[in-house]
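Breakdown of the fold
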Amino acid sequence: MTTQNPIPVARTLSLNVRQPASKLPGDPKTSSPGEPIVHHSNSAAIPVHPKGDKARVLLCSVFGPYAQDDEFGSRAINPMELYHNQVTRTHGPFSLRMFHRSWGLMLIQANLAAPCTLLDFPSLKRFVEEIGTRRYDVIGITAIMPNVGKVEAMCRLIRQHQPNATIVIGGHIANMPTLPKRVEADHIVRGEGVRWFQRYLGEPDDRPFRHPMIKSGIGARTMGVTLRDKPGDVAATLIPSVGCPIGCNFCSTSAMFGGKGRFINFYETGDELFEVMLELERNLDINSFFVMDENFLLHRKRALRLLELMQEHNKSWSLYVFSSANVLKSYSIEQLVALGISWVWMGLEGKASKYAKLSGTDTLALVKSLQSHGVRVLGSTIIGMEEHTPDNIDAAIDYAVSHDTEFHQFMLYTPIPGTALWEEMRNAGALTDPESIEAADTHGQLKFNFNHPHLKNGIETSMLHKAFTRDFKVNGPSIQRVARTTLAGYQRYRKHPDLRIRKRFEQEAQDLATAYAGGLWAARRWFRDQPQLQRRIGGVLHDLYKTCGLKSRLIAPLAGRYLLHKLKQEDARLKSGWTYEPPTFYEHNPHARKHLNSSRAQASGGSPGQWVPPIPVMPRPVVT
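Since the model is a prediction, treat every value here as computed from it, not as a measurement.

Helices and strands together make up the secondary structure of the chain, namely 22 helices and 20 strands. Per-residue burial for the chain yields a buried fraction of 58% across its 624 residues. For the chain, the accessible area works out to roughly 25,600 Å², and carbon and sulfur atoms hold 54% of it.

Along the chain, Thr-414 falls in the loop between strand S19 (407-412) and helix H14 (420-427). Take Thr-414: its relative accessible area is 9%, and that puts it in the buried class. From its side chain, Thr-414 meets the backbone oxygen of Leu-412 in a polar contact 2.9 Å long.

It is worth spelling out the sheet that holds strand S20 (residues 585-588) at this point. Each strand in a sheet pairs with its neighbour through backbone hydrogen bonds, running either in the same direction (parallel) or in the opposite one (antiparallel). Strand order in the open sheet formed by 7 strands is S2-S8-S7-S6-S3-S5-S20, and the pairing between neighbours is mixed. If you trace the sheet from one side to the other, it starts and ends with strand S2 (37-40) and S20, each paired once. The average undirected angle you get between the axes of adjacent strands in this sheet is 20°. By the bridge criterion, 4 bridges tie S2 to strand S8 (residues 187-190) in an arrangement that is parallel. Within S8, the residue paired with Val-38 across the bridge is Ile-188. Those strands touched by helix H4 (residues 148-161) are strand S3 (57-61), strand S6 (138-142) and strand S7 (166-170), and its axis lies near 165° from that of S7.

To continue, consider the nonpolar core. The tendency in soluble globular proteins is for nonpolar side chains to be buried side by side. Membership of the largest hydrophobic core comes to 86 residues, with the highest contact counts inside it found for Phe-197, Phe-289, Leu-297 and Leu-319. Per element, the largest residue contribution to this core is 7 residues, and it comes from helix H8 (residues 270-284). Residues in contact with Leu-319, not counting those within four places in the same chain, are Met-277, Phe-289, Val-291, Phe-296, Leu-306, Leu-339, Gly-340, Ile-341, Ser-342 and Trp-343. Among the nonpolar cores identified, the runner-up in size contains 40 residues, and Ala-143, Val-183, Trp-578 and Leu-596 belong to it.

Let us now look at the environment of Ile-246. Counting through the fold element by element, Ile-246 comes out in the loop between strand S13 (241-242) and helix H7 (252-256). Separated by 16 residues in sequence, Ile-246 and Arg-262 have C-alpha atoms that sit 8.3 Å apart.

Definitions and limits used
Residues numbered from 1 in each chain as written. Predicted model: local features only at pLDDT ≥ 70, side-chain atom pairs only at ≥ 80, totals over all residues. Heavy atoms only, no water. Helix = DSSP H or I, 4+ residues; strand = E, 2+ residues; numbered from the N terminus. Buried < 20%, exposed > 50% of the residue type's maximum accessible area, 1.4 Å probe, protein only. Areas by Shrake-Rupley, 256 points an atom, 1.4 Å probe, with all protein chains shown as cover. Polar contact = N/O pair within 3.5 Å; in protein donor to acceptor, adjacent residues only side chain to side chain. Pairing = 2+ DSSP bridges. Axes fitted to C-alpha atoms, helices over the stretch in contact; angles between N-to-C directions. Contact = heavy atoms within 4.5 Å. Core = buried A, V, L, I, M, F, W, Y, C linked by side-chain atoms within 4.5 Å.

Shown next, in the form of structure tokens:
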């Protein structure tokens with residue numbers, strides 16, 4: 001007998017994980033009466049819940065919608081879309097739109113024996129429905145600092161509907177110094193949450209670490225078209241480590257996991273990591289990995305052992321990694337290509353950057369070298385560094401744009417609570433909002449939260465917009481840049497003597513003659529009034545025709561006319577205020593499934609965990 005609408009159990013695998021030998025800073029602090037206890041995840045003094053691993057746990061991200069200005073702190077300028085928000089913000093219908101799951105919550109759920117339900121991207125109504133109709137002993141919420149208003153509201157609602165539930169707050173918001181006075185929670189956890197939750201629930205914290213099955217992107221869309229989500233087209237998310245030992249003073253991720261010189265490895269060796277990747281490959285039918293590690297290649301022994309195993313087992317995998325420039329330079333291009341480094345997210349910061357990760361590195365030459373070997377680059381530049389002035393900021397932007405990376409992230413220099421930069425500025429009296437009262441707008445895409453020595457009167461907002469606009473105007477849409485570098489890699493390696501390497505570049509080039517040809521054809525006509533961009537796009541299309549032959553010449557105008565039509569549709573929608581919101585995910589680990597009332601789950605609307613395309617949200621009418 002079959003069951004209708006079965007509830008999926010998160011797929012996981014097991015491997016041993018070595019715990020860090022030393023404690024991290026931030027062990028439990030004394031709290032005022034009525035305030036939550038602040039912990040660090042690696043503290044030895046973690047209390048155990050009275051029900052232990054029998055406690056029912058709900059893990060939840062903050063409620064939506066996210067791309068609208070509201071009373072809870074959401075902002076239209078700060079949607080739940082990493083690429084559109086921080087990378088392709090002014091690219092209009094060419095912007096890359098996608099969502100990413102709350103990976104930290106997925107990691108925690110996968111590693112708990114206690115019954116654990118995950119509610120990701122709920123609406124406020126859906127969140128209230130969940131806590132109003134199902135009893136939980138522990139409710140964990142994760143958030144970033146701009147969403148503190150939503151966390152406050154969620155805590156109040158939990159107290160109203162489930163007064164006996166223990167509330168735990170984690171994520172980047174946990175470093176917010178005023179958080180204990182703002183939320184009706186029981187515990188605030190700073191750092192890595194898997195180990196803390198295991199100890200809190202009385203579970204062993206040295207058992208095999210389980211990696212969830214995660215697709216890196218959800219609902220990817222550009223040029224008015226939703227990209228394919230069939231097996232092999234989407235990368236898996238792989239999380240080998242958290243934290244970054246380089247520890248730039250502005251980096252909230254490094255600070256969250258211990259700061260400079262510290263990190264937590266979930267997988268110490270290349271052998272362990274290879275087994276995880278094999279399981280992801282089998283379960284998700286993928287051949288590429290988005291490696292969510294702040295500086296993956298810094299762990300050199302692990303990376304080179306992974307390379308040996310990929311060669312031994314003939315794996316033509318593609319890896320998308322974060323890396324500092326100096327670490328990249330420590331590898332030969334042959335090693336990077338053999339390891340499958342296909343994309344690199346690299347901090348460029350600025351020409352006169354003081355950061356050691358860029359010391360002595362010609363980033364312009366490095367980017368060009370990587371691109372010539374088919375390695376696509378997402379550059380990251382900070383606007384508003386201490387040395388920036390009204391007189392030199394245009395030169396700083398032009399320098400960033402001159403890298404001509406496939407994508408380019410621009411962010412405002414922003415001291416975030418928990419970072420060394422925030423502490424420095426607080427001690428110097430430079431913070432304009434030390435109590436984080438205006439936290440909803442402290443996200444690096446609007447304004448400074450400190451008194452800049454040279455940039456005054458809010459000009460940083462226009463400077464940031466200028467950087468995005470300048471990059472798009474000079475270098476064109478990312479589809480053209482990606483096609484250019486993908487084609488360069490294919491031309492260089494399509495006859496490589498190593499079949500494994502040749503196969504990878506063939507996999508990455510499989511859409512050049514079809515989707516990319518059509519996209520370039522449409523883009524060239526879209527920019528008919530901008531001769532410089534027309535020439536750039538036309539040059540790539542010409543090279544593509546030359547390499548891919550008659551097939552690309554025939555398909556380009558057919559697919560291109562369709563894409564040009566979709567571009568016009570998308571452009572009109574966006575100009576009218578069209579926004580995108582992620583779907584809600586509702587998932588249960590095996591023990592939670594046993595306690596689930598199936599009829600209640602079906603009544604909640606849709607098959608839990610099922611991907612539903614995002615519903616465009618139109619702006620609310622203004623009442624006058």
